[in-house]
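Given next are the chains, with one letter for each unit.
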Amino acid sequence: MYNKNKYSMPFCGLQLKLFETGKKAPSFEYQASSAKAKFQCSLTKKLYGLSEVMNWYKTPEVQAYAQQGYMLKWGSRIQDAKETKYGADTEQVVCIYMVKPYKSGAIDGMKPIAQAMPQYAAVAMTQAQPSAPDNAVPVTMKDHKQINEDSEPLDDEIPF
């Protein structure tokens, strides 16, 4: 059920009524003349044409919502017509309205960086361990030449 205490500010939007045409899809089922149809503000009940929607947005009543982080959203609903014209039972109400965006701890389902990255843990420094055995001696160039002199040469003489 709608809880009025949940929302601190009243509904803020522009509503436009479209009337039933009697046709079925793919034809338009609801329509309104752009010359006659006007959006009605839910707060002030003032009427606005399609070209005046930005003027409505700039009014102080709507700017109070914008300054609190509300953003515009489009929606529509089909409802029973209050006046039945030409045998039409329903009308479609198209609305542009202000909503407070949902704020979660994550953007697009992703964790914040602080949660996604592993945290740095301080580890005590240890002394480096030697990789060679205790009796190992380094090899010098002199040792390298001695090994090559003892072995047979790798190059064969090529007869010409």
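Each chain carries its own residue numbering, running from 1 in the direction its sequence is written. The predicted origin of the model limits local features to residues at a pLDDT of at least 70 and limits the giving and counting of side-chain atom pairs to 80 or more, whereas totals for whole chains, interfaces and linings rest on all residues. For side-chain calculations, the full set of non-hydrogen atoms in the structure is used, while hydrogens and water are omitted.

1. Some points on the overall build of the chain
The secondary structure listing takes helices from DSSP runs of H or I that are at least 4 residues long and strands from runs of E that are at least 2 residues long, numbered from the N terminus. Of the regular secondary structure elements, the chain holds 4 helices and 6 strands. Going residue by residue from the N terminus, the α and β elements of the chain occur as β-β-β-β-α-α-β-β-α-α. Only protein chains enter the calculation, and the probe is 1.4 Å; a residue is then buried if its accessible area is under 20% of its type maximum, exposed if over 50%, and partly exposed in between. A total of 160 residues make up the chain; the buried ones form 18% of that total.

2. Here we look at the confidence of the model for the chain
Scored by pLDDT, the chain comes out at a mean of 80, with 76% of its residues at no less than 70. Known as pLDDT, the predictor's confidence for each residue is given on a scale from 0 to 100. When checking whether two residues touch, look at their non-hydrogen atoms; a contact exists if any pair is within 4.5 Å. Confidence over residues 1-5 falls short of pLDDT 50; this stretch has 1 contact with residues more than four positions distant or in other chains.

3. A few points about the packing of aromatic side chains
Put simply, two rings from Phe, Tyr or Trp (the six-membered ring, in Trp's case) pair if the centres are within 6.5 Å, and we call them stacked under 30 degrees between planes, edge-to-face over 60, tilted for the rest. Evaluation of the coordinates by the stated rule reveals 2 aromatic pairs. Summarising the aromatic geometry, the rings of tyrosine 65 and tyrosine 70 are spaced 5.2 Å apart at their centres and angled 85 degrees between planes, so their arrangement reads as edge-to-face. Its relative accessible area of 13% is what places tyrosine 70 among the buried residues.

4. Thoughts on the pattern of salt bridges
What makes a salt bridge here is a side-chain nitrogen of Lys or Arg within 4 Å of a carboxyl oxygen of Asp or Glu, nothing more. Tallying each qualifying case throughout the model produces 1 salt bridge. Put simply, lysine 17 and glutamate 91 hold a salt bridge, and the shortest N to O gap is 3.7 Å. Residue lysine 17 is located in strand S1 (residues 13-20), and its partner glutamate 91 is located in strand S6 (residues 90-99); the two are separated by 74 residues in the primary sequence. Judged by relative accessible area, lysine 17 falls into the partly exposed class, the value being 33%.

5. Regarding unusual backbone geometry
The residue after alanine 25, namely proline 26, is reached through a cis peptide bond having omega 15 degrees. Structurally, proline 26 is set in the loop between S1 and strand S2 (30-31). One non-glycine residue, lysine 45, lies in the positive phi region at around 65 degrees. If you trace the backbone, lysine 45 turns up in the loop between strand S3 (39-41) and strand S4 (47-48).

6. Section: the side chain of glutamate 91
A residue is classified by how much of its surface remains accessible, and glutamate 91, at 3% relative accessible area, is buried. Residue contacts for glutamate 91: discarding those within four places in its chain leaves Lys17, Leu18, Phe19, Tyr30, Arg77, Ile78, Gln79, Asp80, Ala81 and Lys82.

7. Re the pairing of S6
Of all 10 residues making up S6, 8 are buried, and the element is well covered by its neighbours. For two strands to be treated as a pair, DSSP must find at least two bridges joining them. Relative to S6, S1 is paired through 7 bridges, and the arrangement is antiparallel. Following the sheet pairing, leucine 18 is matched in S6 by glutamine 92. In the sheet, strand S5 (residues 71-80) pairs with S6 via 10 bridges, with the strands oriented antiparallel. Looking at S6, one finds that leucine 72 is bridged to methionine 98.

8. Concerning the nonpolar core
Counting 17 residues, the largest nonpolar core has Cys12, Leu14, Phe39, Tyr48, Trp56 and Met98 as the members making the most contacts within it. When contributions to this core are tallied by element, the ones reaching two or more residues are S1, S3, helix H1 (53-57), helix H2 (60-67) and S6. Leaving out residues up to four positions away in the same chain, methionine 98 has contacts with Cys12, Tyr57, Val62, Tyr65, Ala66, Tyr70, Met71 and Leu72. Nonpolar cores were defined as sets of buried Ala, Val, Leu, Ile, Met, Phe, Trp, Tyr and Cys residues, with membership established by side-chain atoms within 4.5 Å.

9. Brief notes about a negative patch on the surface
On the surface, Glu20, Glu29, Asp80 and Asp89 cluster together to form a negatively charged patch. With respect to the element layout, glutamate 29 can be found in the loop between S1 and S2. Patches here are clusters of residues that have more than 30% relative accessible area and form no salt bridge, with a 9 Å joining cutoff for like charges and a 5 Å cutoff for nonpolar side chains (Val, Leu, Ile, Met, Phe, Trp, Tyr). In these tables, accessible area is a Shrake-Rupley quantity obtained with a 1.4 Å probe, and a residue counts as shielded only by the protein chains included in the view. Within this scheme the basic residues Lys and Arg register as positive and the acidic residues Asp and Glu register as negative, but His and the chain ends are omitted. We put the charge of a Lys on NZ, of an Arg on CZ, of an Asp on CG and of a Glu on CD.

10. Focus: the environment of glutamine 31
Among the secondary structure elements, glutamine 31 is positioned in strand S2. Separated by 12 residues in sequence, glutamine 31 and phenylalanine 19 have C-alpha atoms that sit 5.4 Å apart. The residues contacting glutamine 31, other than those within four sequence positions of it, are Leu18, Phe19 and Thr21.

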